[in-house]
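What follows is each chain in one-letter form.
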Amino acid sequence: MAKEECMDLREAVEKYKQSKIPSLSTTCEKASHHSKTCLLIAIILFLIFIYLIQQVPHWQVAQFGITNPKDLADAENSYRATLAQIFGGIAIVIGLYYTWRRISIAEENLIVAQESQITERFTRAIEQLGNEKIEIRLGGIYSLERISQESDKDYWPIMEILTAYIRSNSPAKVIEIKDDFPYFQASEDKKDELEVMDFQPFNEYEKEEAEVNKLPLDIQAILTVIGRRKYSISSGEPSYLDLRKTNLSRFVLIGANLEGALLYEADLQEARLQRANLKEANLEGAYLQNSLLVKTDLPDAILKKAKLQWADLFGAVLTNANLQLANLEYATLSDANLENADFGHDTDYNFERWGATWAAGATLENAYLYNANLKKANLRGTNLKGAIFKEANLEMANLEHADLKGADLEGANLEGTYNLTIEQLSKVKTLYNAKLDEKLEKLLKEKYPALFEKFKDKPLFPDEI
């Protein structure tokens, strides 16, 4: 794996070298050669001009047959003056042209000199990136950032080199989990034959305190540079940032621009991603346990099978996000916008192969969704046990086969929900002040009136009774 990533880094550097501009000495030599040719032409034209200024007036006057020497001289001088003005005008035009050419050549030489300088700086920065001393590596990283800001031509090759450096030097450690069977609800006669994929809360592999307190400075520096780069996939970048299967655990990415980034199976446990831009990012299978995603933009993001246990997504935007089979146990989603988000089962699920009656969706067991917007969300088959939906908007959400056992729906808006049954709602913790379709509310009040009463939590201490 490390060898492959090193090859990626070498290939990115070679691509840059192939586009190297001609040297300044070569350009100057060509310009010097043309200057000598132009000088020779100028001398020849000057001699022709002297000849014409002498002979043409004489030929012109001769046809009039003037015999008076004074009149003859005046006529010839008059023709010479006119001819001189004509040639003078031509000379001025030629002079202006060559002045423009000299300015153009000077500008071209300046560009060549600047690009030659950038090439030298680029090569030096790459050498610094491979140095053993962290101070020199950091200098190389920030030098590459400056080059990317000054040269659009070098911008994307530099981004490719920096991401390849992370993949090579901070790969995600292999986390072995059983994925022979998807997480599903099997038919009664096959429950004993099938397994249910499970994932431990977080920190699947141990990290020593020394490693936690000493995050690689070069990796953090590169992440900072990438996070504040001037372009993104929606504003000129030719491809997506490739950070697949990288170890970014505990790194700081606050406000980082990671739009469209490929973070497939990346380790982002306890990462600080507040206010980051992860629009359309691919986080399928990513490890985000205990991560901070407060007010993070994740519209249209792919979070399929992502591990988000205990993650803080307060105020996050997850509109149209794909959260199929994601694990959000104990996650905080207060004030989050989850409109039209898909928490349902894996669309690649093979019912015939696994012999299940229906596939389960994401896990939001004990998740905190106070005032969350789940309008039109697909919650089919989701595990919502013990989840808190106080004041949440579930209008027109699909709750088919969703497990609502112990869920707190106080003040929640459940109007227009699809496939929501009395049996499902009979298992919730409370429906106090909840908004329901009139027919469903009437039937529930007749059969389970206690659900509409204010729920009182059991006291933790005797003196609270």
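Thresholds applied
- Residues numbered from 1 in each chain as written.
- Predicted model: local features only at pLDDT ≥ 70, side-chain atom pairs only at ≥ 80, totals over all residues.
- Heavy atoms only, no water.
- Patch = residues over 30% accessible without salt bridge, like charges linked within 9 Å, V, L, I, M, F, W, Y side chains within 5 Å.
- Areas by Shrake-Rupley, 256 points an atom, 1.4 Å probe, with all protein chains shown as cover.
- Salt bridge = Lys/Arg side-chain N within 4 Å of Asp/Glu carboxyl O.
- Buried < 20%, exposed > 50% of the residue type's maximum accessible area, 1.4 Å probe, protein only.
- Phe/Tyr/Trp six-rings, centres within 6.5 Å; stacked < 30°, edge-to-face > 60°.
- Helix = DSSP H or I, 4+ residues; strand = E, 2+ residues; numbered from the N terminus.
- Lys NZ or Arg CZ within 6 Å of the ring centre and 35° of its normal.
- Axes fitted to C-alpha atoms, helices over the stretch in contact; angles between N-to-C directions.
- Parallel < 35°, antiparallel > 145°, perpendicular 65-115°, else oblique.
- Contact = heavy atoms within 4.5 Å.
- Nonpolar A, V, L, I, M, F, W, Y, C, P; charged D, E, K, R; others polar.

Together, Ile86, Ile90, Ile94, Tyr97, Tyr98 and Trp100 make up an exposed nonpolar region whose accessible area comes to about 600 Å². Exposure remark for Ile86: the relative accessible area of 48% places this residue in the partly exposed category.

Following the criterion strictly, the structure yields 4 aromatic pairs and no others. Taken together, a centroid distance of 5.0 Å and an interplanar angle of 85° make the contact between Tyr155 and Tyr231 edge-to-face. With Tyr155 in helix H5 (residues 152-169) and Tyr231 in the loop between helix H7 (217-227) and helix H8 (351-354), this residue pair connects regions lying 76 residues apart in the sequence. Judged by its relative accessible area of 4%, Tyr155 is buried. Exposure remark for Tyr231: the relative accessible area of 26% places this residue in the partly exposed category. Taken together, a centroid distance of 4.5 Å and an interplanar angle of 5° make the contact between Trp310 and Tyr330 stacked. One end of the pair, Trp310, is in the loop between H7 and H8; the other, Tyr330, is in the loop between H7 and H8, with 20 residues separating them in the sequence. Cation over ring: Lys445 sits above Phe452, and NZ or CZ is 5.3 Å from the ring centre.

Take the packing of helix H4 (residues 134-150) against H7 next. One way to put it is that H4 packs onto H7 with a least axis distance of 10 Å and a crossing angle of 10°. Here H4 is positioned roughly parallel relative to H7, judged by the angle of their axes. Facing Ile134, Arg137, Leu138, Ile141, Tyr142 and Glu145 of H4, the residues of H7 in contact are Leu217, Asp218, Ala221, Ile222 and Val225. Tallied by class, residues from the contact of H4 with H7 come to 8 nonpolar, no polar and 3 charged.

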